[in-house]
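For reference, the chains in residue letters:
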Amino acid sequence: GEIVALIGKSGSGKTTIAKTIIGLHTDFQGSITYNINKEDIQYIFQDPYSSLNPRLTIGRAIEEVLIVHKIEKDKNKRKEMVMEMLEKVGLEREHYERYPHEFSGGQRQRIGIARALILKPKLIICDESVSALDVSVQATVLNLLNDLKKEFQLTYIFISHDLAVVKYMSDRMMVMRKGEIEQIGEADEIYTNPQTQ
């Protein structure tokens, strides 16, 4: 139920850790211990456009997740689940039939959030998920993530290099440098008293 920020400069290993947690990166030494099922972990990518198939409507792209995970056989019920999720993230039911190129960057990120949420995960990894957005759009997406966290009782790993965003979002913080975690603690404490540069 908390937001743990993973911060560090580009190349410090943040995304590698995230992809290792979710199973997209398998070439590593050591081990990861899960207290939840791996299926309970979802990922929100930095660039939602490249993670969406341009030939699928966004409704179909979200519904595809339900089909792959064999959730709800009835097509009409699946469609209704997707439409309800679109509304939860601040989009319209009518958006179901539209294609990715018809949306703004902020709307596309909402689509990515809906796709991650449709499986009702316990943990969502947000990998630089607002860094490509304008500052005003960033704020609305961050507020949405906070609202959804409360509603769905989610935990986030929030990856960013933007300290202002991290301070606003996170409860705890981990600072990475050259593949190592150098500092872990309360976000406010690390923000006001960093041990590393």
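Just so it is clear, the model here is predicted, and its values are computed rather than measured. (Residues numbered from 1 in each chain as written. Predicted model: local features only at pLDDT ≥ 70, side-chain atom pairs only at ≥ 80, totals over all residues. Heavy atoms only, no water.)

A. Fine view of the sheet that holds strand E4 (residues 155-160). In space, the six strands of this open sheet follow the order E2-E3-E4-E1-E5-E6, with mixed pairing throughout. Edge positions in the open sheet fall to strand E2 (41-44) and strand E6 (180-186), since each of these has one partner strand only. Going from strand to strand, the sheet's axes swing by 20 degrees on average, the running direction of each strand aside. Packed on one face of the sheet, helix H4 (residues 105-117) meets E2 and strand E3 (123-127) and runs near 170 degrees to E2. (Pairing = 2+ DSSP bridges. Helix = DSSP H or I, 4+ residues; strand = E, 2+ residues; numbered from the N terminus. Axes fitted to C-alpha atoms, helices over the stretch in contact; angles between N-to-C directions. Contact = heavy atoms within 4.5 Å.)

B. The pairing of E6, seen in detail. Direction of pairing for strand E5 (residues 172-177) relative to E6: antiparallel, over a ladder of six bridges. Paired with methionine 176 across the two strands is isoleucine 181, which belongs to E6.

C. Structural view of the nonpolar core. The biggest cluster of nonpolar side chains holds 37 residues, and the ones touching the most others in it are Ile113, Ile118, Ile124, Leu145, Leu148, Tyr156 and Phe158. When residues no more than four places from it in sequence are discounted, the contact partners of tyrosine 156 are Glu2, Ile3, Val4, Leu123, Ile124, Cys126, Leu145, Leu148 and Lys149. Formed by 12 residues, the second largest nonpolar core is a distinct cluster that contains Val4, Leu6, Ile21 and Ile159. (Core = buried A, V, L, I, M, F, W, Y, C linked by side-chain atoms within 4.5 Å. Buried < 20%, exposed > 50% of the residue type's maximum accessible area, 1.4 Å probe, protein only.)

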